[in-house]
Amino acid sequence: MPDIQEIIENRSLITHFQPQVSLKRKAVVGLEALSRGFDPQSGEIIPPTLLFEQARDKASRLALDRACRTNAAESFAALHRKDKSMMLSMNIDASCINEETRGSCHVLNLVTRCGISPSNVIIEIIESRCEDMDALMDFVSFYRENDFLIALDDVGAGFSNLDRIPLLKPDVIKLDRTLISRVDKHFHKLEVVRSFVQMSNRLGCLVLAEGVETAEEAMCLLSNGVDVFQGFYFARPAPGLDAVPGMATKVDALAERHRENRTQQIADDKRLYSSYDLTVLTMCQELAETLAKDMGQALSSFVDTYDSVECLYVLDMRGNQISDTVCDPDRLKTCKRFLYEPAEVGADHSLKEYFLPIQAGLEKFTTRPYISLASGNLCITISHVFYHKSSGRHRILCVDMSRAEEGGPR
């Protein structure tokens with residue numbers, strides 16, 4: 001392999017582009033520039049990891065970073081002339097942003113020389129690599145004022161400093177592959193993705209999922225608010241636009257599959273939740289006729305009768321628990337008893353998601369799937385008001401319905 005200085009001086013670099021795809025628009029909206037080195041003598045490609053490992057000192061890192069940027073901008077310029085709407089995502093080594101480089105205007109001068117509109121350039125930063133936060137803030141402020149877009153890369157991975165998101169106010173948040181991998185199979189990962197999507201919607205920035213490798217990951221993410229994707233499922237990095245033409249059929253097929261799956265999911269959920277509602281209504285009707293002293297026995301019989309029922313408990317109209325929590329013992333996570341413990345008589349549920357809507361006047365409410373504090377399992381809670389005849393008071397039956405561990409709660 002050639003010496004790193006030789007690679008930089010001879011510009012022994014090539015730029016591959018990986019498409020960034022919007023499924024809702026059914027279009028490639030951007031290209032990320034990814035640099036590789038090459039050995040002129042053997043013609044062998046030098047992988048990016050090996051290439052950047054050779055730049056061990058600050059001067060070499062800066063020189064290599066600038067050489068890669070230059071190559072990327074010059075390679076993209078021809079594509080930009082053909083399609084003015086296409087975005088270029090360009091990585092910046094954040095460790096090179098410091099007092100010495102601040103104010104160099106290298107990126108601005110580069111894209112101007114190449115005839116690329118700054119509004120078509122997304123500067124990608126892994127902020128955790130920057131040691132000089134003041135220089136980073138100045139860098140971001142300057143390029144935003146000059147119409148560049150700012151993306152935070154590898155969000156959700158390793159030691160990413162989430163507190164810098166509101167400081168840097170990125171236009172794009174790129175969710176890391178470690179978070180995206182098998183997200184359709186892991187409820188906890190999906191909840192983190194949902195949190196980023198919700199936060200991004202409120203902050204006015206775009207969420208991009210990188211490292212998408214399966215149709216199932218893409219559909220799960222699409223169903224939960226992510227629209228822009230990048231990864232091997234769509235296309236591997238390739239020179240120019242070589243990877244783009246073959247993507248249309250795949251994108252169309254995935255969009256159609258998503259529509260079919262979501263339609264089927266909605267129909268399945270409608271049937272499932274209708275059966276849940278009927279089950280809870282039947283229990284409420286029986287409890288209405290049950291004496292207070294027999295309520296615990298009645299709840300136990302419900303757990304034995306209905307397979308989907310995980311835990312049951314009764315509240316008064318102030319949100320105080322007036323019955324024991326009766327659970328299916330086979331479903332309790334005994335290995336985590338210090339975290340998950342069924343609530344006891346007298347527990348205050350007045351701030352719980354399933355109580356507040358009842359207090360606001362609803363007769364029945366169903367939560368989104370969540371991890372139950374009673375069992376440690378994924379469940380939904382249905383709360384339903386009933387009139388208890390022997391006490392002459394309204395009560396609230398709360399039923400935790402089991403949901404199998406899943407990546408896409410509906």
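The chain carries the name EAL domain-containing protein in an unreviewed UniProt entry, which gives Pseudodesulfovibrio methanolicus as its organism.

J.: It is not clear to me how the nonpolar core should be interpreted in this structure. Could you clarify?
T.: Soluble globular proteins: nonpolar side chains tend toward being buried together. Among the nonpolar cores identified, the biggest contains 64 residues, and Ile123, Leu175, Val212, Leu221, Phe229 and Phe234 are the most heavily contacted of them. Ranked by the residues each element gives to this core, the list is headed by helix H9 (residues 215-223), at 6 residues. In contact with Leu221, other than residues within four places in its own chain, are Ile180, Val183, Val193, Ala209, Val212, Val226 and Phe229. Of all hydrophobic cores here, the second largest spans 22 residues; its members include Leu287, Leu312, Val314 and Val326.

J.: In this structure, what is going on with the packing of H9 against helix H10 (residues 247-288)? I would like to understand it.
T.: Each pair of packed helices gets described by two things: the angle between the helix axes and the distance between those axes. In contact at an axis separation of 10 Å, H9 and H10 are set at 60° when each is read in the N-to-C sense. The orientation of H9 relative to H10 falls into the category oblique. Remark: the crossing between H9 and H10 carries right-handed chirality. In contact with Ala215, Glu216, Ala218, Met219, Leu222 and Ser223 of H9, H10 contributes Leu254, Arg257, His258, Asn261 and Arg262.

J.: Please explain the packing of H10 against helix H11 (residues 295-305) as it appears in this structure.
T.: Running from amino to carboxyl end, H10 crosses H11 at an angle of 155°, the nearest separation of the two axes being 11 Å. By the angle between their directions, the pair H10 and H11 is classed as roughly antiparallel. The two elements H10 and H11 meet at a crossing, and its hand is right-handed. Where H10 abuts H11, its residues Met283, Glu286 and Leu287 lie against Met295, Ala298, Leu299 and Phe302. A class-by-class count of the residues in the contact of H10 with H11 yields 6 nonpolar, no polar and 1 charged.

J.: Could you clarify how one ought to interpret the packing of aromatic side chains in this entry?
T.: For any two aromatic rings, the description comes down to two numbers: the centre-to-centre distance and the angle of the planes. Taken as a whole, this structure holds 8 aromatic pairs when the rule is applied. With 6.3 Å between their ring centres and 55° between their planes, Phe17 and Phe76 make a pair best called tilted. Of the two residues, Phe17 sits in strand E1 (residues 13-22) while Phe76 sits in helix H3 (residues 58-82), which places them 59 residues apart along the sequence. Under the relative-accessibility criterion, Phe17 is labelled buried at 1%.

J.: What is the right way to look at the pairing of strand E14 (residues 378-388) in this model?
T.: Along a regular strand, successive side chains alternate from one face of the sheet to the other. Burial runs high along E14: 10 of the 11 residues are buried. Taken together, the 3 bridges between strand E12 (residues 364-366) and E14 define a ladder with antiparallel strand orientation. By the bridge assignment, Thr366 is partnered in E14 with Ile382. For strand E13 (residues 370-371) and E14, the ladder comprises 2 bridges, and the chain directions are antiparallel. Residue pairing across strands places Tyr370 opposite Cys379, the latter belonging to E14. Counting the residues that bridge the hairpin from E13 to E14 gives 6 residues, and of these Gly376 lies at a positive phi of roughly 80°. Examined bridge by bridge, E14 and strand E15 (residues 393-402) share 10 bridges and lie antiparallel to one another. Looking at the pairing, Ser383 lines up with Cys398 of E15. Linking two consecutive strands that pair antiparallel, namely E14 and E15, is a turn of 4 residues; a positive phi of about 70° is found at Gly392 within it.

Rules used in this analysis
Residues numbered from 1 in each chain as written. Predicted model: local features only at pLDDT ≥ 70, side-chain atom pairs only at ≥ 80, totals over all residues. Heavy atoms only, no water. Core = buried A, V, L, I, M, F, W, Y, C linked by side-chain atoms within 4.5 Å. Buried < 20%, exposed > 50% of the residue type's maximum accessible area, 1.4 Å probe, protein only. Helix = DSSP H or I, 4+ residues; strand = E, 2+ residues; numbered from the N terminus. Contact = heavy atoms within 4.5 Å. Axes fitted to C-alpha atoms, helices over the stretch in contact; angles between N-to-C directions. Parallel < 35°, antiparallel > 145°, perpendicular 65-115°, else oblique. Left-handed = near helix turned anticlockwise from the far one by under 90°. Nonpolar A, V, L, I, M, F, W, Y, C, P; charged D, E, K, R; others polar. Phe/Tyr/Trp six-rings, centres within 6.5 Å; stacked < 30°, edge-to-face > 60°. Pairing = 2+ DSSP bridges.

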